[in-house]
Amino acid sequence: MKIATFNINNINRRLPNLLAWMRAAKPDVVALQELKASDGEFPAAAIEKAGYGAVWRGQKTWNGVAILARNAEPVLTRDRLPGRPDDHEARYIEAAVRGIIVTSIYLPNGNPQPGPKFDYKLDWFARLKRHARTFLKQDLPVVLAGDYNVAPTDIDIYPTRSWDKDALIQPKSRAAYASLVEQGWCDAIRELHGDTRIYTFWDYKRNRWPRDAGLRLDHLLLSPALVSRLAKAGVDKKVRGEDGASDHAPAWVVLK
């Protein structure tokens, strides 16, 4: 079972890129972020024609998350992160697919920091951690997939000082991610690739893609119930270099 996460950065604008990648990679489940489309603008017909069922929560212009399943209909279990009823941003969705719960997470960026946007990021992380703990208490098979907007360690960002003030690498951001993992989650890419520099995001600015000046922001965390099934994990890096590409590349795991 191949499960991927992909910040598509506008699903309608990049629909040809998404469909081409799905034809080639054949993921069984895809967690998408940054749809940048309202519910009614989601390209459900094209996704269905490609052989995928879908659940989604859209938001016009910003955010938006979805879960796609090949030759299956995802069973929606939640379309928002609990803990703050006044938070209407479309940043979280979860669904059951073939006996596994998969999330699509689009964690807040947090810039500029310090400030209210960074406070929101840390609060969102705390809410995610509380919700994630409920999965572990029930010993459920879960993949927390998504764009966490955190490069967890120095090996998850190219050697540079230019991002030192950015929310993506602040000590508090990294501590929040580490605290989540320490609940008992397995960072699949790190588990299989150790300290290898692997990136999932290359900013459009300053020639960062040709220079391979990337960050690893997209993560797949496995619950203990799935760790023994982890067979492969990687990033489809070449997708980032295609015409009209998102600034992210798909990250994925294969469960045996």
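As recorded in an unreviewed UniProt entry, the protein chain goes by the name Exodeoxyribonuclease III, listed as coming from Bradyrhizobium guangzhouense.

Novice: Just checking my understanding: could you explain the overall build of the protein chain for this structure?
Specialist: The secondary structure content of the protein chain amounts to six helices and 12 strands. Its C-alpha atoms put the protein chain at 45 × 45 × 40 Å along the principal axes. As presented, the protein chain carries roughly 11,000 Å² of accessible surface, and 52% of it is formed by carbon and sulfur atoms. Side-chain charges in the protein chain split into 39 positive and 30 negative, and the spacing between the mean points of these groups amounts to 2 Å.

Novice: Which parts of the structure should I look at to understand the packing of helix 3 (residues 116–137) against helix 4 (residues 171–181)?
Specialist: Each pair of packed helices gets described by two things: the angle between the helix axes and the distance between those axes. Two numbers describe how helix 3 lies on helix 4: the axes approach to 10 Å, and their chain directions differ by 5°. Overall, the two elements helix 3 and helix 4 adopt an arrangement that is roughly parallel. For the pair helix 3 and helix 4, the contacting residues are Phe 118, Lys 121, Leu 122, Phe 125, Leu 128, Lys 129 and Ala 132 in the first and Lys 172, Ser 173, Ala 176, Tyr 177, Ser 179 and Leu 180 in the second. Residues of the contact of helix 3 with helix 4, tallied by class, amount to eight nonpolar, two polar and three charged.

Novice: Is there a simple way to explain the pairing of strand 4 (residues 65–70) in this structure?
Specialist: The side chains of a regular strand alternate, first on one face of the sheet and then on the other. Strand 4 sits mainly inside the fold: five of its six residues count as buried. Bridge count between strand 2 (residues 29–33) and strand 4: five bridges; the pairing is antiparallel. Of the residues in strand 4, the one forming a bridge with Val 30 is Leu 68.

Novice: Whenever I open this one, the UniProt feature "active site" (unreviewed entry) in the protein chain confuses me. Can you help?
Specialist: The sites that UniProt annotates as "active site" (unreviewed entry) are Tyr 106, Asp 147 and His 248. Look at the named residues: they lie 143 residues apart in sequence, but the longest C-alpha span between them is just 12.7 Å, so in the fold they bunch up. Relative to the assigned elements, Tyr 106 resides in strand 7 (residues 100–106). Those residues in contact with Tyr 106 that lie beyond four places of it in its chain are Asn 7, Gln 33, Glu 34, Asn 63, Val 65, Arg 91, Asp 147 and Asn 149. A polar side-chain atom of Tyr 106 sits 3.5 Å from a polar atom in the side chain of Glu 34. Along the chain, the position of His 248 falls in the loop between strand 11 (230–235) and strand 12 (251–255). With a relative accessible area of 3%, His 248 lands in the buried category. At 2.9 Å, the side chain of His 248 and the side chain of Asp 218 are in polar contact.

Novice: Help me out: how do you make sense of the sheet that holds strand 12 in this one?
Specialist: Sheets are built from strands paired through backbone hydrogen bonds, the pairs being either parallel or antiparallel. The strand order 3-4-2-1-12-11 describes an open sheet built from six strands, whose pairing is mixed. Since the sheet does not close on itself, it has two edges, and those belong to strand 3 (52–57) and strand 11, each with one partner. The sheet shows a mean angle of 15° between the axes of neighbouring strands, direction not considered. Bridge count between strand 11 and strand 12: five bridges; the pairing is antiparallel. Bridge pairing in strand 12 places Ala 233 opposite Val 253.

Novice: Could you clarify how one ought to interpret unusual backbone geometry in this entry?
Specialist: Most peptide bonds adopt trans geometry, and most residues besides glycine take a negative phi value. Pro 112 follows Asn 111 through a cis peptide bond whose omega is -5°. Within the fold, Pro 112 resides in the loop between strand 7 and helix 3. Of note, the bond from Gln 113 into Pro 114 is cis; its omega dihedral lies within 30 degrees of zero at 0°. Along the chain, Pro 114 falls in the loop between strand 7 and helix 3. With phi around 55°, Glu 34 is a residue other than glycine that occupies positive phi space. Take Glu 34: it is sitting in the loop between strand 2 and helix 2 (44–49). Note on Glu 34: relative accessible area 13%, which makes it buried. One non-glycine residue with positive phi stands out, namely Arg 206, at about 55°.

Novice: It is not clear to me how the UniProt feature "site: Interaction with DNA substrate" (unreviewed entry) in the protein chain should be interpreted in this structure. Could you clarify?
Specialist: In the numbering used here, UniProt assigns the "site: Interaction with DNA substrate" (unreviewed entry) feature to His 248. Contacts of His 248, omitting those with residues within four sequence positions, involve Phe 6, Asn 7, Asp 147, Thr 200, Phe 201, Leu 217, Asp 218 and Arg 240. A polar side-chain atom of His 248 sits 3.4 Å from a polar atom in the side chain of Asn 7.

How each quantity is defined
Residues numbered from 1 in each chain as written. Predicted model: local features only at pLDDT ≥ 70, side-chain atom pairs only at ≥ 80, totals over all residues. Heavy atoms only, no water. Helix = DSSP H or I, 4+ residues; strand = E, 2+ residues; numbered from the N terminus. Areas by Shrake-Rupley, 256 points an atom, 1.4 Å probe, with all protein chains shown as cover. Lys, Arg positive; Asp, Glu negative; His and termini not counted. Charge placed at Lys NZ, Arg CZ, Asp CG, Glu CD. Axes fitted to C-alpha atoms, helices over the stretch in contact; angles between N-to-C directions. Parallel < 35°, antiparallel > 145°, perpendicular 65-115°, else oblique. Contact = heavy atoms within 4.5 Å. Nonpolar A, V, L, I, M, F, W, Y, C, P; charged D, E, K, R; others polar. Buried < 20%, exposed > 50% of the residue type's maximum accessible area, 1.4 Å probe, protein only. Pairing = 2+ DSSP bridges. UniProt positions renumbered as here; feature names shortened; annotations may be inferred. Polar contact = N/O pair within 3.5 Å; in protein donor to acceptor, adjacent residues only side chain to side chain.

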